[in-house]
Number of protein chains: 2
Amino acid sequence: MAGRPGQGEDGTRARILDVAERLVQTRGFNAFSYADVAAELRLTKPALHYHFAGKGELGEALVARYVARFTEALHRIDRSDGDGQRKLEGYAALYAHVVAEDRMCLCGMLAAEYHTLPVPMRDSVLRFFDQNEDWLEGVLAQGAQEGSLRFSGTPLEAARLILASLEGALLVARSFEDPARFESAAAGLLAGLTETEPSD
Amino acid sequence: MAGRPGQGEDGTRARILDVAERLVQTRGFNAFSYADVAAELRLTKPALHYHFAGKGELGEALVARYVARFTEALHRIDRSDGDGQRKLEGYAALYAHVVAEDRMCLCGMLAAEYHTLPVPMRDSVLRFFDQNEDWLEGVLAQGAQEGSLRFSGTPLEAARLILASLEGALLVARSFEDPARFESAAAGLLAGLTETEPSD
DNA sequence: GTCTATAACGAGATAGAC
DNA sequence: GTCTATCTCGTTATAGAC
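Treat the numbers as computed from the prediction; the structure is a model and nothing was measured.

For the rest of this paragraph, the subject is the interface of chain B and chain A. Counting from both sides, the interface comprises 44 residues of chain B and, opposite them, 44 residues of chain A. Of the charged contacts, one joins D130 of chain A and R181 of chain B as a salt bridge, the two residues approaching to 3.9 Å between their closest N and O atoms. Of all the secondary-structure elements, those providing two or more residues to the side of chain B that touches chain A are α1 (11-27), α6 (106-112), α7 (119-146), α8 (155-175) and α9 (179-194) of chain B. If one sorts the elements of the side of chain B that touches chain A by residue count, α8 of chain B sits on top with eleven residues. Each residue belonging to the side of chain B that touches chain A can be placed in one class, and the counts come to 18 nonpolar, twelve polar and 14 charged.

Below you can see the structure in the form of structure tokens.
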């Protein structure tokens, strides 16, 4: 599946995923076609079918790679070893990179199209959200303990609100083609979690 | 355009909009067809073309009606004459009704598909968001003045964060087919805006 | 206002050559 | 691993009868 030869990742396969990923993040899974990807790579549709049996399989590979990259990014933040607040800032920055490229989060886009997706893709999308919530829950628990973060409810509830808010902020900001809208929403969200109560 | 006859709203036209609206809110604008709507209403595709020249025109009518209904709902909340906090609760309840029907907000769904939409639909989606933000801004300013709401940044910034958070909460909750996820996120969001600082 | 019939196109997919 | 050629189906849309 990965790079059997010498290097890493078969070249064509990775380039197909790169183009398809951008198309899905900007137009949606139902609004891109094998023909779009083939044309951009100067290939033909059957060449794509050689690498990915069908659109469903391509979609599954797309989400799998996206989740793997996100997981890596979360591990990088963990290793950076900041306090909860800094980790949350790092997390929001991941989304900022997405909107900077005029894209929606891959799984946020697929969430909108959820009811039209092949079941394996649906499952992967839910796992993506679960994984993000788990990670955020840990960061929030850490932040609460340290005193770097304050929130109402349980860490899991706060984690879910953060995930939803960032996905929604991406969705709206991208429509206005205004990354600043995302930045502002992310900043406001963080501010609400770091308010120090008036020290008496 | 409206109900020229005796009653209100031509029957077929309204029924087409009803079915199309549900399909767009659940599957997306790019994942429903005239054939879907026609079959459900036991009509033929040309009958639909009689009422709406093309898919674009149907989409425009869909958003126009949705925006009009939302505007009415906001006016109802205004007339209810509660404080800022209660108005926000009423606002969140509008979204809760949507997720209870396993739907996405129409304009949230269209925001995901934004780059594939006919331009008139794009404009209407942005106007929907603008209108919501304007209304929320007013409610937040009122709440801040009364002391029923607290937030960081300007009322407009807070309004944008609320809109994004609720849209995102819809998006995620609907994927899990779990309205409780939305309710929890909405409650957490409200809680963050009504925290009373430790009274001394 | 709704129908039958059909055009014109693009989508996803396969067979089989090279 | 990529191609040409082709198939089948669904989609949007129109012409013209009733």
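On we go.
For the rest of this paragraph, the subject is empty space enclosed by the protein. What the rule picks out here adds up to two cavities of 30 Å³ or more. Considering only enclosed or pocket space, the largest cavity measures out at about 70 Å³ in volume. In terms of lining, the largest cavity is formed by E133, R160, L163 and A164 of chain A together with A169, V172, A173, R181 and A185 of chain B. In terms of residue class, the lining of the largest cavity is built from six nonpolar, no polar and three charged. Size it by volume and the second largest cavity reaches roughly 40 Å³. Contributions of two or more residues to the lining of the second largest cavity are made by α8 (155-175) and α9 (179-194) of chain A together with α8 of chain B. With three residues, α8 of chain A is the single largest residue contributor to the lining of the second largest cavity. A breakdown of the residues in the lining of the second largest cavity according to their chemical character gives five nonpolar, no polar and three charged.

Another point: the state of the cysteines. All names here are of chain A. One pass over the structure, following the stated rule, counts zero disulfides over all chains. Of all cysteine sulfurs in the structure, the one in C107 sits closest to C105, which takes part in no disulfide; the separation is 5.3 Å. For C105, a relative accessible area of 1% corresponds to the buried category.

Next up on the list: the layout of surface pockets. Taken as a whole, the largest pocket holds about 510 Å³ of empty space. Lining the largest pocket are 32 residues, and of these L189 and G192 of chain A together with L161, L189 and G192 of chain B sit closest to its centre. The residue makeup of the lining of the largest pocket, split by class, is 16 nonpolar, ten polar and six charged.

A few words on the protein's contact with DNA strand C. DNA strand C sits among 17 residues. The nearest are S33 and K55 of chain A together with T44, Y50 and H51 of chain B. Taking all atoms of DNA strand C within 4 Å of the protein, the share assigned to sugar and phosphate is 54%. A distance of 3.3 Å separates a phosphate oxygen of DNA strand C from a polar side-chain atom of T12 of chain B. Within the side chain of H51 of chain B, one N or O atom sits 2.8 Å away from a phosphate oxygen of DNA strand C. Elements represented by at least two residues in the surface near DNA strand C include exactly α2 (34-41) and α3 (45-51) of chain A together with α3 (45-51) of chain B. A total of four residues in the surface near DNA strand C trace back to one element, the largest contributor, which is α3 of chain B. Of the residues that constitute the surface near DNA strand C, the class distribution is eight nonpolar, six polar and three charged.

Right, let's get into the nonpolar core. Core analysis: the biggest nonpolar cluster contains 143 residues, and Y91 and F182 of chain A together with Y91 and F182 of chain B have the highest contact counts within it. If we skip the residues at most four places from it in the chain, F182 of chain A touches A92, Y95, A96, V99, L166, A169, L170 and A173 of chain A.

Turning to the protein's contact with DNA strand D, a few remarks are in order. With respect to spatial proximity, 16 residues lie near DNA strand D, and among them T44, Y50 and H51 of chain A together with K45 and K55 of chain B are the closest. Here T44 of chain A contributes a side-chain N or O atom positioned 2.7 Å from a phosphate oxygen of DNA strand D. At four residues, α3 of chain A tops the list of elements feeding residues into the surface near DNA strand D. Along the lines of polarity and charge, the residues of the surface near DNA strand D split into seven nonpolar, six polar and three charged.

This next bit is on helix α4 (residues 55-80) of chain B. Taking 1.5 Å per residue as the helical rise, α4 of chain B with its 26 residues ought to reach 38 Å, and the 38 Å between its terminal C-alpha atoms agrees with that figure. With its phi angle positive at about 65°, D81 of chain B sits one or two positions after the end of α4 of chain B.

Attention now moves to the pattern of salt bridges. Where charged atoms from two side chains of opposite charge come close, those side chains can pair. According to the stated counting rule, one finds 19 salt bridges over all chains in the structure shown. Each of D18, E21, R65, R69, E101 and R103 of chain A takes part in one network of salt bridges that share partners.

Turning our eyes to something else, we now look at the relation of the copies chain B and chain A. In the superposition of chain B on chain A (RMSD 0.0 Å, axial shift 0.0 Å), the rotation amounts to 180°. Considering both components of the superposition, the chain copies are consistent with a two-fold axis.

The next point concerns the packing of α1 of chain B against α4 of chain B. Residues and elements named next belong to chain B. Taken N-terminus to C-terminus, the directions of α1 and α4 make an angle of 90°; their axes are 10 Å apart at the nearest point. It follows that α1 is roughly perpendicular to α4 by the angle criterion. From α1, R13, A14, I16, L17, D18, A20, E21, V24 and Q25 reach across to α4, where they touch L58, A61, L62, R65, Y66 and R69. Across the contact of α1 with α4, the residue classes break down as nine nonpolar, one polar and five charged.

Right, let's talk about unusual backbone geometry for a bit. All names here are of chain A. For D81, which is not glycine, the phi dihedral falls at a positive 65°. Here D81 is to be found in the loop between α4 (55-80) and α5 (84-100). The exposure class assigned to D81 is exposed, which follows from its relative accessible area of 64%.

Analysis parameters
Residues numbered from 1 in each chain as written. Chains lettered and ligands numbered in written order. Predicted model: local features only at pLDDT ≥ 70, side-chain atom pairs only at ≥ 80, totals over all residues. Heavy atoms only, no water. Contact = heavy atoms within 4.5 Å. Salt bridge = Lys/Arg side-chain N within 4 Å of Asp/Glu carboxyl O. Helix = DSSP H or I, 4+ residues; strand = E, 2+ residues; numbered from the N terminus. Nonpolar A, V, L, I, M, F, W, Y, C, P; charged D, E, K, R; others polar. 1 Å grid on protein atoms, 1.4 Å probe; cavity = no way out; pocket = protein on both sides within 12 Å on 5 of 7 lines; lining within 4 Å. Points joined across faces, edges and corners; volume = space filled by probe spheres on them. Disulfide = S-S within 2.5 Å. Buried < 20%, exposed > 50% of the residue type's maximum accessible area, 1.4 Å probe, protein only. Near = heavy atom within 4 Å. Polar contact = N/O pair within 3.5 Å; in protein donor to acceptor, adjacent residues only side chain to side chain. Core = buried A, V, L, I, M, F, W, Y, C linked by side-chain atoms within 4.5 Å. Expected span 1.5 Å × (residues − 1). Least-squares fit on C-alpha atoms with pLDDT ≥ 70 in both. Axes fitted to C-alpha atoms, helices over the stretch in contact; angles between N-to-C directions. Parallel < 35°, antiparallel > 145°, perpendicular 65-115°, else oblique.

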